[in-house]
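Okay, here's what each chain looks like letter by letter:
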Protein chains: 2
Amino acid sequence: MKARVHITLKDGVLDPQGKAIHNALGALGFGGVNDVRQGKYIELDLAAADPEAARAEVDAMCSKLLANTVIENYAIELVE
Amino acid sequence: MKARVHITLKDGVLDPQGKAIHNALGALGFGGVNDVRQGKYIELDLAAADPEAARAEVDAMCSKLLANTVIENYAIELVE
């Protein structure tokens, strides 16, 4: 079973990486951009076949390692 | 209109960041992980209201700045 995890900065947390992309896009002539936020995308290939168990395991991974829950949100999506 | 862009390494391209996450998960006791791949996730808030125009603009942004198309694939998803 595969899991897709999106890790994004919480609203209100400054995103210097997104700001840099925004500026670079402006410098390249892409003016019609109001805001840019950058997050992380992680694909996990899991041995677990049970969706409930897989979700619980990925949730533990996110809170222990993958995301900094003080400033980041995470969303888990299971595939197949 | 908002656009979500996923940038992932092409198959066959080594992913040292994913490998590091895999090892760290193993060290934390998460043994049931076969593979980890890390990508980027970018949210763009666009001024363009026309989906066709927005998609073409984001496609140009990806090929010019956001993605390294030699080693990375990108996927664009428009929201609202």
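These numbers were taken from a predicted model, which means no experiment stands behind them.

Calculation criteria
- Residues numbered from 1 in each chain as written.
- Chains lettered and ligands numbered in written order.
- Predicted model: local features only at pLDDT ≥ 70, side-chain atom pairs only at ≥ 80, totals over all residues.
- Heavy atoms only, no water.
- Helix = DSSP H or I, 4+ residues; strand = E, 2+ residues; numbered from the N terminus.
- Expected span 1.5 Å × (residues − 1).
- Buried < 20%, exposed > 50% of the residue type's maximum accessible area, 1.4 Å probe, protein only.
- Arc of directions from axis to C-beta.
- Axes fitted to C-alpha atoms, helices over the stretch in contact; angles between N-to-C directions.
- Parallel < 35°, antiparallel > 145°, perpendicular 65-115°, else oblique.
- Contact = heavy atoms within 4.5 Å.
- Nonpolar A, V, L, I, M, F, W, Y, C, P; charged D, E, K, R; others polar.
- Least-squares fit on C-alpha atoms with pLDDT ≥ 70 in both.
- Buried area = accessible area lost by both parts, 1.4 Å probe.
- Salt bridge = Lys/Arg side-chain N within 4 Å of Asp/Glu carboxyl O.
- Pairing = 2+ DSSP bridges.

Asks: Help me out: how do you make sense of helix H2 (residues 51-66) of chain B in this one?
Replies: Because each turn of an α-helix spans 3.6 residues, side chains separated by three or four positions in sequence point in the same direction. All names here are of chain B. In a regular helix each residue adds 1.5 Å, so 16 residues correspond to 22 Å; H2 covers only 20 Å between its end C-alpha atoms and thus falls short of that length. Regarding H2, the residues found buried are Ala 54, Glu 57, Val 58, Met 61, Cys 62 and Leu 66. Buried residues along H2 cover an arc of 140° about the axis, so they all sit on one side. Turned more than 90 degrees away from the buried face of H2, the exposed residues are Glu 52 and Lys 64.

Asks: So what exactly am I meant to see when it comes to the packing of helix H2 (residues 51-66) of chain A against helix H1 (residues 16-27) of chain B here?
Replies: Where H2 of chain A meets H1 of chain B, the axes come as close as 11 Å, and the angle between the chain directions of the two elements is 105°. It follows that H2 of chain A is roughly perpendicular to H1 of chain B by the angle criterion. The residues of H1 of chain B that touch H2 of chain A, namely those facing Met 61, Leu 65 and Leu 66 of chain A, are Ile 21, Ala 24 and Leu 25 of chain B. Among the residues making up the contact of H2 of chain A with H1 of chain B, the classes are represented as 6 nonpolar, no polar and no charged.

Asks: So what exactly am I meant to see when it comes to the relation of the copies chain B and chain A here?
Replies: For the pair chain B and chain A, the best superposition has an RMSD of 0.0 Å and corresponds to a rotation of 180° with a translation of 0.0 Å parallel to the axis. In symmetry terms, the pair is related by a two-fold rotation axis. Considering only C-alpha atoms, the residue of chain B closest to the rotation axis is Lys 40 of chain B, which sits at 2.4 Å. Counting the interface residues of chain B, we find that 100% of their copies in chain A are interface residues as well, pointing to one common contact surface.

Asks: How should the interface of chain B and chain A be read in this particular structure?
Replies: Contact with chain B, which involves 30 residues of that partner, is made by 30 residues of chain A. Across the interface of chain B and chain A, roughly 2600 Å² is buried in total on both sides, 67% from carbon and sulfur atoms. Inspection of the chain B/chain A interface yields 0 salt bridges. Contributing elements (two or more residues each) for the side of chain B that touches chain A: strand E1 (2-9), H1, strand E2 (33-46) and H2 of chain B. Element by element, the count of residues in the side of chain B that touches chain A is highest for E2 of chain B, at 14 residues. Residue composition of the side of chain B that touches chain A, by class: 17 nonpolar, 6 polar and 7 charged. Strand direction decides the pairing type here: strand E2 (residues 33-46) of chain A and E2 of chain B, joined by 13 bridges, are antiparallel. Bridging from a neighbouring strand, Tyr 41 of chain A pairs with Gly 39 of chain B of E2 of chain B.

Spatial relationships are all this shows, so hold off on functional conclusions.
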